[in-house]
Amino acid sequence: MAEQVASRLAIEAERAPAPLMRMRRRTISGLLLLFACATEMIPVRSERLDYTGCDADQRRVIADAFDRAARLAERAAAAIDDPEKRSLARADSWPQYLWWFGDYSEERYEVVWDVLGATRSEFDRAYEMRCAADSRNCPREEFSDESTGRFADPDEYGPDFEADWGSRRAWKVFAFANVDIRSLQICEDFFGEDPGERGAILFHEITHVVRDTEDHTYREREILDLAIERPDQAIRNAPNYQGFAASVESGRLGVRDDRDEIPDDD
């Protein structure tokens, strides 16, 4: 399947209306993604944000990330709403959909369409952004179902890391959603990420808010395996939506367009 998907992707890339200027690669939530910085301006949706505990620089960074997340949502929703793309998905010929959500079914496609449509609309709402003074206020263990992060490096936190976090495999959390009150907690480590990554993090969190998506897994191999082996879970997994949105944005499947190149333990 990987060869067929890569072949189809190459054909679609030739039809792209404009070249991408630059692409960045990093790991978010254990998932390697490719983000594109496109030439057009990012739409402004952040004017409705309210802030608690955030200084001026943090507000600027959060506003930019929110606008980037809105663009991810807009493009992903437009793609899934495109009748031509749906016809390709129905024929298992849309590489991005296959890669992140698996084989086509009418019911699953409608779920994806609903989640992405709701996520796009959500960026027109007012949100409160709360800034945490210390990332230790954002432990993975307390927010296991609705947070975005990756494993923390103990060397970043010194000898008391294990005592503070409870484990040397604790999660380094960037943000988490307060679903009932449309509020996002922004953790200290969020501000150290690249702009495109911060946008993807907020996009991920908004899917939790609008349709209660889950985090079945953050690991890249397992995320992609969901699409092949358990597509009913893939369409409920926030990292799959995050990957799909980044894929639509960049015009690529991911950093590595061959599953065989992805390590089992990332």
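Conventions adopted
- Residues numbered from 1 in each chain as written.
- Predicted model: local features only at pLDDT ≥ 70, side-chain atom pairs only at ≥ 80, totals over all residues.
- Heavy atoms only, no water.
- Helix = DSSP H or I, 4+ residues; strand = E, 2+ residues; numbered from the N terminus.
- Buried < 20%, exposed > 50% of the residue type's maximum accessible area, 1.4 Å probe, protein only.
- Contact = heavy atoms within 4.5 Å.
- Areas by Shrake-Rupley, 256 points an atom, 1.4 Å probe, with all protein chains shown as cover.
- Expected span 1.5 Å × (residues − 1).
- Disulfide = S-S within 2.5 Å.

1. What about the overall build of the protein chain?
Here's step 1: Each helix and strand in the protein chain was counted, giving 10 helices and 7 strands.
Here's step 2: Across the 266 residues that make up the protein chain, the buried fraction comes to 52%.
Here's step 3: If you take every contact in the protein chain between residues at least 6 apart in sequence, the share linking residues at least 24 apart comes to 71%.
Here's step 4: As displayed, the protein chain has an accessible area near 12200 Å², and 45% of this comes from carbon and sulfur atoms.

2. Focus on helix 10 (residues 238-250)
Here's step 1: Over its 13 residues, helix 10 extends 18 Å from the first C-alpha to the last, a length consistent with the 18 Å expected when each residue adds 1.5 Å.
Here's step 2: Downstream of helix 10 by a residue or two, Gly251 has a phi angle that is positive, lying close to 80°.

3. Some remarks on the state of the cysteines
Here's step 1: Considering all chains together, one arrives at 1 disulfide under this definition.
Here's step 2: One disulfide in the model links Cys54 with Cys131; its S-S distance is 2.0 Å. Sign of the S-S torsion, about 100° for the bond between Cys54 and Cys131, identifies this disulfide as right-handed. Of the two residues, Cys54 is situated in the loop between strand 3 (49-52) and helix 2 (56-80) and Cys131 in strand 4 (residues 127-131); the sequence distance between them amounts to 77 residues. One exposure class covers both Cys54 and Cys131, and it is buried.

Honestly, it's all geometry; don't read function into it.
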